[in-house]
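Here is what each chain is made of, one letter per residue.
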Amino acid sequence: MATQLVDEPHAPSSPDAAAGAPPPRRTPVAALPEVRWAALATLAFVLALPLDLAGAPGWAWGPLYAVCYAAGGWEPALAGLVALRERTLDVDLLMVVAALGAAGIGQFLDGGLLIVIFATSGALEALATRRTADSVRGLLDLAPATARRLAPDGTEHRVDVAELTVGDVVLVRPGERLPADGAVTDGASDVDQATITGEPLPAPKRPGDPVFAGTLNGTGALRVRVERDAGDSVIARIVALVEEASETKAPTQLFIEKVEQRYSVGVVVATLALFAVPLALGAPFTETLLRAMTFMIVASPCAVVLATMPPLLSAIANAGRHGVLVKSAVVMERIGEVDRVALDKTGTLTEGAPRLAAVHVVGPVPGRPARAAAGATGAAGAEAEAAPTGPAGVSPADAALALAAAAEQPSEHPLARAVVAAARARGLALEPAHDFDSAPGSGVRAQVAGQRVRVGSPAATLGEAADGRAPSGPAPSGVSQGGVPPVGTPTAAVPPAGVSPVSADPPGAAEARQVAEAHRMVAAEQEAGRTAVVLTVADRPVAVLAVEDRTRAGAGDAVAALRHLTGAEPALLTGDNERAAHRLAADTGITDVRADLLPQDKVAAVRGWQEAGHRVLVVGDGVNDAPALAAAHSGLAMGRAGSDLALETADAVVVRDELGTVPAVVALSRRARRVVRQNLVIAAVCIGALVIWDLAGHLPLPLGVAGHEGSTVLVGLNGLRLLREAQWGRGMTGREG
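Overview of the structure. (Residues numbered from 1 in each chain as written. Predicted model: local features only at pLDDT ≥ 70, side-chain atom pairs only at ≥ 80, totals over all residues. Heavy atoms only, no water.)

**A short note on the overall build of the chain**
Link 1 in the chain: The number of helices and strands found in the chain is 23 helices and 23 strands.
Link 2 in the chain: Looking at the chain residue by residue over its 737 residues, the buried ones come to 47%.
Link 3 in the chain: A separation threshold of at least 6 residues defines the contact pool for the chain, and within that pool the share at least 24 residues apart is 70%.
Link 4 in the chain: Surface summary for the chain: the accessible area is close to 32,200 Å², and the carbon and sulfur share equals 61%. (Helix = DSSP H or I, 4+ residues; strand = E, 2+ residues; numbered from the N terminus. Buried < 20%, exposed > 50% of the residue type's maximum accessible area, 1.4 Å probe, protein only. Contact = heavy atoms within 4.5 Å. Areas by Shrake-Rupley, 256 points an atom, 1.4 Å probe, with all protein chains shown as cover.)

**Structural notes on the nonpolar core**
Link 1 in the chain: Formed by 44 residues in total, the largest nonpolar core has its most connected members in Val326, Leu349, Leu636 and Val665.
Link 2 in the chain: The element best represented in this core is helix α21 (residues 661-696), accounting for 9 residues.
Link 3 in the chain: When residues no more than four places from it in sequence are discounted, the contact partners of valine 665 are Ala319, Val324, Val326, Met332, Ile335, Leu636 and Trp728. (Core = buried A, V, L, I, M, F, W, Y, C linked by side-chain atoms within 4.5 Å.)

**Structural notes on a nonpolar patch on the surface**
Link 1 in the chain: Taken together, Trp37, Leu40, Val67, Trp74, Leu78 and Val82 make up a surface patch of nonpolar side chains, about 490 Å² in accessible area.
Link 2 in the chain: For the nonpolar patch, the secondary-structure elements that each account for two or more residues are α1 (33-53) and α2 (58-85).
Link 3 in the chain: Residue contributions to the nonpolar patch peak at 4 residues, all from α2.
Link 4 in the chain: Along the polypeptide, valine 82 turns up in helix α2. (Patch = residues over 30% accessible without salt bridge, like charges linked within 9 Å, V, L, I, M, F, W, Y side chains within 5 Å. Salt bridge = Lys/Arg side-chain N within 4 Å of Asp/Glu carboxyl O.)

**Here we look at the environment of valine 359**
Link 1 in the chain: For valine 359, the location among the structural elements is in strand β12 (residues 350-361).
Link 2 in the chain: Placed 188 residues apart in sequence, valine 359 and valine 547 show a C-alpha to C-alpha distance of 9.1 Å.

**Quick look at the sheet that holds strand β20 (residues 592-594)**
Link 1 in the chain: Pairing is mixed in the open sheet, where 7 strands are placed in the order β10-β23-β22-β21-β11-β19-β20. One side of each edge strand has no neighbouring strand; the edge strands of this open sheet are β10 (324-326) and β20. Across the sheet, the mean angle from the axis of one strand to that of its neighbour is 20°, orientation sign disregarded.
Link 2 in the chain: Lying over the sheet, helix α18 (residues 599-611) contacts β11 (340-343), β19 (571-573), β20 and β21 (616-620), oriented at roughly 150° with respect to β19. (Pairing = 2+ DSSP bridges. Axes fitted to C-alpha atoms, helices over the stretch in contact; angles between N-to-C directions.)

**A word on the pairing of strand β4 (residues 182-187)**
Link 1 in the chain: As judged from the 2 bridges shared by β4 and strand β7 (residues 210-211), these two strands associate in the antiparallel manner. Following the sheet pairing, alanine 183 is matched in β7 by proline 210.

**A short note on α18**
Link 1 in the chain: Across its 13 residues, α18 extends 18 Å between first and last C-alpha, which sits within 8% of the 18 Å expected from 1.5 Å per residue.
Link 2 in the chain: Buried within α18 we find Pro599, Lys602, Val603, Ala605, Val606 and Trp609. Projected down its long axis, α18 carries its buried residues within an arc of 160°, all on one side. (Expected span 1.5 Å × (residues − 1). Arc of directions from axis to C-beta.)

**Topic: the environment of methionine 296**
Link 1 in the chain: By the element assignment, methionine 296 lies in helix α8 (residues 285-299).
Link 2 in the chain: In this structure the C-alpha to C-alpha distance between methionine 296 and valine 267, which are 29 residues apart in sequence, comes to 7.1 Å.

**A closer look at the sheet that holds β7**
Link 1 in the chain: Across the sheet, 6 strands lie side by side as β2-β1-β3-β9-β4-β7; this open sheet has antiparallel pairing. Here the strands that pair on one side only, and so sit at the sheet edges, are β2 (156-160) and β7.
Link 2 in the chain: Here strand β3 (residues 169-172) runs beside strand β9 (residues 222-226); their pairing, made up of 4 bridges, is antiparallel. Within the sheet, the bridge partner assigned to leucine 171 lies in β9 and is arginine 223.

**Focus on the pattern of salt bridges**
Pairing between side chains becomes possible if they bear opposite charge and their charged atoms approach one another.
Link 1 in the chain: In this structure the tally under the stated criterion is 22 salt bridges.
Link 2 in the chain: When the shortest N-O distance is used, the salt bridge between arginine 149 and aspartate 168 registers 3.3 Å. Of this pair, arginine 149 sits in strand β1 (residues 146-150) while aspartate 168 is found in the loop between β2 and β3, placing the two residues 19 residues apart along the sequence.
Link 3 in the chain: We classify arginine 149 as partly exposed; its relative accessible area is 24%.
Link 4 in the chain: Here arginine 530 and glutamate 525 are joined by a salt bridge, their closest N and O atoms 3.2 Å apart.

**A few points about unusual backbone geometry**
Link 1 in the chain: A positive phi angle, close to 50°, is found at aspartate 435, a residue other than glycine.
Link 2 in the chain: By the element assignment, aspartate 435 lies in strand β14 (residues 433-439).
Link 3 in the chain: With relative accessibility at 64%, the residue aspartate 435 sits in the exposed group.
Link 4 in the chain: The phi torsion at aspartate 539 lies on the positive side, around 65°, for a residue other than glycine.
Link 5 in the chain: The topology assignment puts aspartate 539 in the loop between β17 (531-537) and β18 (540-551).

**Focus on helix α17 (residues 578-588)**
Link 1 in the chain: Buried residues of α17: Ala580, Ala581, Arg583, Leu584, Ala585 and Thr588, and no others.
Link 2 in the chain: Looking at the buried positions of α17, the neighbouring elements they touch are α11 (345-349), β12, β18, α16 (555-566), β19 and β20.
Link 3 in the chain: Phi for glycine 589, located one or two positions after α17, is positive at around 85°.

This is the structure:
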């Protein structure tokens with residue numbers, strides 16, 4: 001896969017050109033009415049509490065409690081009354097009735113506290129919902145609001161993007177974002193389309209190549225023919241997919257609401273029946289009221305609620321200590337249900353940034369670079385091709401790297417930054433570059449220490465044979481027709497740095513060997529899934545530099561652990577090319593590979609598995625992963641490099657980008673689910689026994705309270721076991737027990 005190096009982008013040519021991602025939309029917290037009412041209720045309660053506890057007269061704290069009740073309770077009361085008109089008993093209304101009942105018997109503090117807790121919970125839920133909506137809407141800001149539409153006579157007209165129609169031609173200058181999906185009709189550039197495809201490097205664009213709205217143009221000007229309306233662009237469809245997929249989770253919420261309503265109705269009806277029926281049959285009022293009150297206490301769902309929440313909240317806290325933020329107890333429970341895992345490539349299984357992997361010297365390296373700092377070793381993971389030590393104690397590989405980095409210094413291309421970073425990590429002194437020039441798709445040229453240096457793609461530097469075809473003309477002695485030394489030809493045929501070619505060679509034979517060796521190295525690196533860059537000096541190949549997006553540490557172990565947990569083969573879903581995807585899959589042990597995917601293709605794959613009965617966990621980091629994260633049964637986002645939309649859409653966030661935490665949190669969730677089931681059995685047995693005792697016999701109120709609270713404490717302590725460090729450690733290897 002040939003990849004080029006380019007110059008740094010020019011400044012945007014217009015004020016509205018977006019050289020970078022637009023600032024995310026954020027609705028102010030105070031703009032939400034739920035937050036304002038909850039804040040007022042809390043303030044009134046905080047002011048009334050010390051006065052009440054200090055024994056102040058009622059006129060001092062009574063109005064404050066009234067404000068607290070009104071501010072925090074009017075909205076759920078109204079919602080409950082509306083639901084009651086529709087013959088639905090809402091839990092919100094029961095909460096307000098309970099608070100008013102507490103106030104009716106003089107327990108103003110208890111009722112106020114109930115109001116504050118409920119109002120605060122509603123405000124937090126509203127804030128989380130609005131943040132997600134902001135993130136989804138903010139995605140549309142990636143595409144500029146206006147575009148330069150070209151008239152048939154070539155004149156430019158600034159128009160709103162919404163006015164563009166299919167067939168229009170727009171001009172996109174260097175550093176601007178593309179306004180619409182379309183195809184390049186003229187020009188050449190490199191376009192950063194990571195938001196759409198997840199590719200770590202800018203993609204070269206030529207006439208006929210497709211481009212997407214919201215992607216960032218590089219150093220060249222492009223003319224693009226619009227092929228989709230603004231509402232049908234890939235970026236707009238991503239928004240629609242996220243919203244649609246998020247709504248598919250609504251049935252689960254509806255089921256929970258139905259259960260809550262039925263339980264509330266059942267408790268109210270049973271309590272009224274226990275009070276009214278015996279009273280109508282002549283039972284004593286006090287005894288009947290006491291029995292009904294006891295029933296309400298022992299039948300209350302405190303133990304059931306604690307059966308679920310402490311285990312899940314303890315698991316959430318444990319995961320949070322280890323760098324995984326799970327957004328809710330519902331999410332923690334759902335993660336343990338997954339039976340299939342799909343992982344993104346760039347930024348998830350890989351680090352998401354190119355690094356120099358190897359330097360292969362194929363010819364004499366001019367110059368004698370010195371070390372900038374004694375003792376500097378290593379090149380950010382690069383392994384230099386073994387070669388004899390050159391002049392001044394610098395190996396040919398280091399000398400070649402110094403030349404390439406010197407020429408690349410003025411460039412801001414990701415590959416250029418990787419080369420320069422590797423040279424600096426090795427402590428190499430870099431000569432200044434003069435007469436710097438770059439061309440999209442070709443690379444860079446510069447004068448370095450009096451040498452004409454070029455760094456670029458194999459296609460641009462080696463010519464027609466870069467794609468594997470034989471060079472034209474007869475092959476020189478010792479070189480096969482395909483441009484590669486015949487089998488058995490020693491690689492030492494390439495003379496080391498500072499050594500002249502053997503004089504007996506015919507003219508051009510040494511250069512032909514260098515070209516052939518460069519072809520061989522390029523082919524080998526591309527076959528391995530790396531990006532090959534060729535360094536030439538005076539138009540003769542000197543070295544081949546290999547750059548790669550390194551696999552994250554522990555990726556293979558994490559994949560194996562997920563395979564063990566789910567019993568299914570993890571899948572790789574990526575917008576990158578087949579060769580790079582299969583290389584990473586081979587490194588991590590993945591056999592199910594799906595490459596060259598757009599966001600909607602990832603969603604289709606996830607939905608296909610789910611239609612087949614699987615519960616899918618998607619792990620990703622980019623905007624292009626957000627629809628799949630939303631469509632999946634559960635979604636985990638990588639936190640450090642993750643996009644705002646991915647972080648908002650995902651159910652959980654891996655803060656430290658440690659892949660080993662993914663199987664750990666799945667295993668922890670499954671243990672939490674087992675503890676929940678244990679607690680539900682304990683709670684059901686205790687509640688059932690106490691209710692039967694109260695109905696069939698005479699359960700003293702103190703004993704009923706003790707039994708009820710005892711079962712509550714028991715299930716709570718059982719859930720707190722998941723806070724222990726050992727519960728997390730077992731999940732790192734995929735063990736559930």
